[in-house]
Amino acid sequence: MTNPYLKSPAFLLALLLFGVYSSAQKKNADFNIHIKKTEETFTIDGKGDEATWQTAEPANDFFMVLPMDDRKATQPSEVKMAYDDKHLYLLATFFKTPGNTYVVESLRRDFSFGGNDNFLLFMDPFNNQTTGFSFGANAYGAQWDGTMSNGGSVDLNWDSKWVSEVQNYEDKWVVEMAIPFKSIRYEKGVKEWSINFSRLDISTNEKSSWTPIPRQFPTASLAFTGNMIWDNPPPDQGLNYSLIPYVLGTVGDSSIDGITYDNDFKVGGDVKLGLSSSLNLDLTINPDFSQVDVDRQVANLTRFELFFPERRQFFLENADLFSSFGYETIRPFFSRRIGLGVPIIAGARVSGNLNRNLRLGLMDMQTEKVDETGLPSQNFAVLSLQQKVFSRSNIGLMFVNKESMDYDALADSLKTTYKKFNRNLGLEYNLASSDNKYTGKMFMLKSFGPESTENGFAQGAHLAYSSRQWNWRVQQEYISKNYVSEVGYVPRNNYIKFNGSAGYLFLPASETVVSHGPTFTGQYFFDPSMHSTDYVSILGYQVNFINRSAFSLDFFNEYVELLAPFDPTNTDQPELATGSRHHWNGVYMEYTSKPKSLFTYTVASRLGRYFSSGYRTNLNAQLGYRFQPYVSLAATLSYNNLDLPSPWYTTDFWLVGSEADITFTNKLFWSNLFQYNEQSRNFSLNSRFQWRYTPASDLFLVFNSNEQLSPLEGKVWSLTLKMTYWFNR
């Protein structure tokens, strides 16, 4: 089928704007910090008493970003940098009003930005204003690190090998860092990197930045970086490789039918090899992910599969090359499809920059066959290329291939269950204007399979605008009936979708309210003949307070024509018929408390009609209390009451989660997560002890338990002891 929306006026207008707003000079090009080489031996202790720091050029006189971006910061900050043949060094001093207390949640690594007094460094070694690295610390020394993509997104699942220390005083706190050059990627011979520094001081509710940044953008936005100018190009990394072996032992048992659990002993690991200063080869053999954070459960009252993010370390460096193609609900590649209940034998990945403007991602993974189900061994291959154009935009190409090995030897009955192959080819354009006000995307995807019923097409485009007071977005999607992405995340197909949003903020001169204003959001689905199948329109109002608390109120109008039978309770009760139509209204309210308090909370409620002229009452609460900096307690409560006619009558269920995060030091952690989901009849417990005995090397002790509740029966548990070590050269 030919997609008529490729020639629509809205699509052509977006294409025009993509070209008009893509090329201009860097916004903060006049902000420079000069960095010089030192021969001094550093002790990373947070004291900054080395002679180098007495002569290093400071970056100071920060600008306020929030609550208002038209003035200098009231809390002084100063950052200095230096380097030697192996490390990039940083010393940052943050002065505060005597008597103001430090605010931190815990010593947990990769802390929540908004809940901690913190400092963050953002580096863009390729000066492309879209990718980079972030390092930081909170006021008690917890570390933060991540990779940056899409002009300002930070992926905190990435960990690297570096050291830092923090010292606290009555009138200031000081952080000192040493980042090995081998831990980051950069272009050889370049003497200028894009860089910025960000500080959050919760006691004064002030977020500040070395360079001026409009308040509607995060301080991580690479469009507003200054420059770090080297006296000589940073040193050549030379031979750069890391060996990260692991050894583990597991004991466990299962009383659930169909699930067996054998005691296990495993050895495996990863290899990282720097092919150049900006391109990396990752290898994994017999990988294990037993120490990864478990998924947070949610109550599911939707008609579609839920999305849970990737948390496995091997898939995370330069993850945006593989995972950001398309939209959140049109992903041609989703790495969690690999190794889903199936052992991974080995994998390889090449990722990074071929030059300043061209990025490469190449991945190949091999899984084992599963004799119990007849699933054949499968190979997953992904190619991603990203070419920068204009000042901050790029063109991307992606190819995804899933191939079943020895397919012809399968029994005919299994060939109807498992396909020989599934392939996706995609092309996209990502817009990011130089001032970051305009962003956008347009993409096309084509799927290929053994049958013509698997050769489909998907396409999408959007354009968004954000200023201090106005923001809007228009978007269009189309997915054909035959589009198939077995390695992607595409919860529905055979639709045309239009959605958009608009909002305005008033910025009063008030000592209580920072901003407030109305919002509108709408999304509208049609079948290919332009028959309306479902929509939701939301009119709301939001208020943001000076103490960083917030309140919002939304009124929604929703319509659904079911395209398949659906149980409105998602608890295996009778289903509504295909083609039945349902229309309802309701209200949603939410309040988030100020983060400065030891006790924090978010409360929300959804009230209104529901399927089949019923009613739905939903109450949610997220509660937290901290004994800073060592203990952080949290609880999640969600209650749903569905009042429906016969045969459902009244259905109600709870989702309860409680978390105890104990951080003895910034290297010794014990986290515990308990979850009870009445909807899925499941009780789970995850307890994980972690000792980071040397940078990037860990000892884990992990206990997992999942119990099925009545009328289901059974329990599975495991206890794993795992040790990893990072050998660097």
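Please refer to the structure higher up on the page.
Quick caveat, the model's predicted, so the values are computed rather than measured.

**Q** How would you explain the overall build of the protein chain if you had to name every residue and give the values?
**A** Within the protein chain one finds four helices and 39 strands. For 729 residues, the compact-globule estimate of 2.2 N^0.38 gives 27 Å, and the protein chain sits close to it at 26 Å. Scored against the burial criterion, the 729 residues of the protein chain give a buried share of 52%. The contacts of the protein chain with a sequence gap of at least 6 include a subset with a gap of at least 24, amounting to 60%. Each charge sign in the protein chain was given a centre, from 65 positive and 76 negative side chains, and these centres are 4 Å apart.

**Q** Could you give an account of the side chain of Thr211, with specific residues and numbers?
**A** Here Thr211 shows up in the loop between strand E13 (206-209) and strand E14 (226-230). Here the side chain of Thr211 touches Phe224 through a polar contact of 2.6 Å, landing on its backbone oxygen. Not counting chain neighbours up to four residues away, the residues in contact with Thr211 comprise Asn28, Phe31, Phe63, Asn196, Phe224, Thr225 and Gly226.

**Q** Explain the layout of surface pockets residue by residue, including any values.
**A** Taken as a whole, the second largest pocket spans an internal volume of roughly 360 Å³. What lines the second largest pocket is a set of 20 residues, and nearest its centre among them are Lys86, His87, Pro180, Lys182 and Asn728. Where the lining of the second largest pocket is concerned, the elements lending two or more residues are strand E5 (87-95) and strand E11 (172-180). Residue classes in the lining of the second largest pocket are distributed as ten nonpolar, four polar and six charged.

**Q** Explain the packing of aromatic side chains to me, and be specific about the residues and the numbers.
**A** In this structure the tally under the stated criterion is 50 aromatic pairs. When the centroid spacing of 5.1 Å and the interplanar angle of 70° are considered together, the rings of Phe307 and Tyr489 count as edge-to-face. Of this pair, Phe307 sits in the loop between strand E17 (279-285) and helix H3 (320-323) while Tyr489 sits in the loop between strand E25 (470-479) and strand E26 (495-504); the two residues are 182 residues apart in sequence, bridging distant segments of the chain. An aromatic cluster is defined as three or more aromatic residues linked by ring pairs; in this entry it consists of Phe31, Phe63, Phe94, Phe119, Trp173, Phe197 and Trp210. Of note, Lys96 hangs over the ring of Tyr102, and the distance from its end group to the ring centre comes to 4.8 Å. The lysine or arginine in question, Arg609, covers the ring of Tyr615, its NZ or CZ lying 4.2 Å from the ring centre.

**Q** Residues and numbers for a nonpolar patch on the surface, please.
**A** There is a patch of nonpolar side chains on the surface, built from Leu598, Phe599, Leu623, Tyr625, Phe627, Leu633, Leu637 and Trp654 and spanning about 680 Å² of accessible area. Residue assignment for the nonpolar patch shows that the elements contributing at least two residues are strand E32 (614-627) and strand E33 (631-643). Looking at where Tyr625 falls in the secondary structure, it is placed in strand E32.

**Q** Give me the side chain of Gln475: which residues, what numbers.
**A** With respect to the helices and strands, Gln475 occurs in strand E25. Polar contacts involving the side chain of Gln475 include one to the side chain of Glu477, which spans 2.7 Å. Sequence-distant contacts of Gln475, that is, excluding residues within four places in its chain, are made with Tyr327, Ala461, His462, Lys497, Phe498 and Asn499.

**Q** For the pattern of salt bridges, give the residues involved together with the corresponding values.
**A** Inspection of the entire model under this criterion finds 30 salt bridges. When the shortest N-O distance is used, the salt bridge between Arg109 and Asp159 registers 3.2 Å. Within this pair, whereas Arg109 is found in the loop between E5 and strand E6 (118-124), its partner Asp159 is found in the loop between strand E9 (153-155) and strand E10 (163-168), the two being separated by 50 residues in sequence. Given a relative accessible area of 14%, Arg109 falls into the buried group. Its salt-bridge partner being Asp288, residue Lys722 comes within 3.1 Å of it at the nearest N-O pair. Of this pair, Lys722 sits in strand E38 (residues 715-724) while Asp288 is found in the loop between E17 and H3, placing the two residues 434 residues apart along the sequence. In the salt-bridge network here, residues are joined through shared partners; they are Arg108, Asp293, Asp661 and Arg688.

**Q** Explain the pairing of strand E15 (residues 241-254) to me, using residue names and the numbers behind them.
**A** Of the two faces of E15, only one is covered, namely that formed by Ser242, Ile244, Tyr246, Leu248, Thr250, Gly252 and Ser254; the face formed by Tyr241, Leu243, Pro245, Val247, Gly249, Val251 and Asp253 stays uncovered. Where E15 lies against strand E16 (residues 264-274), ten bridges are found, and the strand directions are antiparallel. By the bridge assignment for E16, Gly249 is matched with Phe265. In the sheet, E15 pairs with E38 via nine bridges, with the strands oriented antiparallel. Each bridged residue has a counterpart across the sheet, and for Thr250 the counterpart in E38 is Thr720.

**Q** Pulling in residues and values, what's your account of the nonpolar core?
**A** Formed by 38 residues in total, the largest nonpolar core has its most connected members in Phe119, Phe135 and Phe197. Secondary structure elements with two or more residues in this core: strand E1 (32-37), strand E4 (77-83), E5, E6, strand E7 (132-138), E11, strand E12 (192-201) and E14. Residues within four places of Phe119 in sequence aside, it is in contact with Val79, Leu90, Ala92, Phe94, Phe135, Gly136, Ala137, Trp173, Val175, Met177, Phe197 and Ser198. In terms of nonpolar packing, the next biggest core, distinct from the first, is built from 24 residues, Met363, Phe380, Leu445 and Val487 among them.

**Q** Got a sec to walk through the environment of Ile256? Specific residues and values, please.
**A** In this fold, Ile256 is placed in the loop between E15 and E16. By relative accessible area, Ile256 is classed as buried at 10%. Spatially, the C-alpha atoms of Ile256 and Leu712 are 9.2 Å apart, while their sequence positions differ by 456 residues.

**Q** Tell me about the pairing of strand E20 (residues 378-389), and name the residues and values.
**A** In this sheet, E20 lies alongside strand E19 (residues 358-367) in antiparallel orientation, the contact comprising nine bridges. When the sheet's bridge partners are listed, Arg359 is paired in E20 with Gln386. Relative to strand E21 (residues 393-404), E20 is paired through twelve bridges, and the arrangement is antiparallel. Across the sheet, the residue bridging to Phe380 is Lys402, located in E21. Hairpin remark: E20 followed by E21, antiparallel, with three residues in the connecting loop; positive phi at Phe390, about 55°.

**Q** Hey, could you go over unusual backbone geometry for me, with residue numbers and the actual values?
**A** Across the chain, the bulk of peptide bonds are trans and the bulk of non-glycine residues have phi less than zero. Geometrically, the link from Gln628 to Pro629 is a cis peptide bond, its omega value of 0° lying close to zero. Relative to the elements of secondary structure, Pro629 occurs in the loop between E32 and E33. Residue Ser646 is joined to Pro647 through a cis peptide bond whose omega torsion reads 10°. The residue Pro647 is located in the loop between E33 and strand E34 (650-665) in this model. One non-glycine residue, Met530, lies in positive phi territory at about 70°. With respect to the helices and strands, Met530 occurs in the loop between strand E27 (513-526) and strand E28 (532-545). Given the relative accessible area of 37%, Met530 is considered partly exposed.

**Q** Give me the lowdown on the environment of Leu598, citing residues and values where you can.
**A** Among the structural elements, Leu598 can be located in the loop between strand E30 (581-592) and strand E31 (599-610). The spacing of Leu598 and Tyr535 is 63 residues in sequence and 41 Å in space, taken between C-alpha atoms. With residues up to four places along the chain from it excluded, the contact list for Leu598 reads Gly624, Tyr625, Arg626 and Gln628.

Calculation rules
Residues numbered from 1 in each chain as written. Predicted model: local features only at pLDDT ≥ 70, side-chain atom pairs only at ≥ 80, totals over all residues. Heavy atoms only, no water. Helix = DSSP H or I, 4+ residues; strand = E, 2+ residues; numbered from the N terminus. Rg over C-alpha atoms; globule rule 2.2 N^0.38 Å. Buried < 20%, exposed > 50% of the residue type's maximum accessible area, 1.4 Å probe, protein only. Contact = heavy atoms within 4.5 Å. Lys, Arg positive; Asp, Glu negative; His and termini not counted. Charge placed at Lys NZ, Arg CZ, Asp CG, Glu CD. Polar contact = N/O pair within 3.5 Å; in protein donor to acceptor, adjacent residues only side chain to side chain. 1 Å grid on protein atoms, 1.4 Å probe; cavity = no way out; pocket = protein on both sides within 12 Å on 5 of 7 lines; lining within 4 Å. Points joined across faces, edges and corners; volume = space filled by probe spheres on them. Nonpolar A, V, L, I, M, F, W, Y, C, P; charged D, E, K, R; others polar. Phe/Tyr/Trp six-rings, centres within 6.5 Å; stacked < 30°, edge-to-face > 60°. Lys NZ or Arg CZ within 6 Å of the ring centre and 35° of its normal. Patch = residues over 30% accessible without salt bridge, like charges linked within 9 Å, V, L, I, M, F, W, Y side chains within 5 Å. Areas by Shrake-Rupley, 256 points an atom, 1.4 Å probe, with all protein chains shown as cover. Salt bridge = Lys/Arg side-chain N within 4 Å of Asp/Glu carboxyl O. Pairing = 2+ DSSP bridges. Core = buried A, V, L, I, M, F, W, Y, C linked by side-chain atoms within 4.5 Å.

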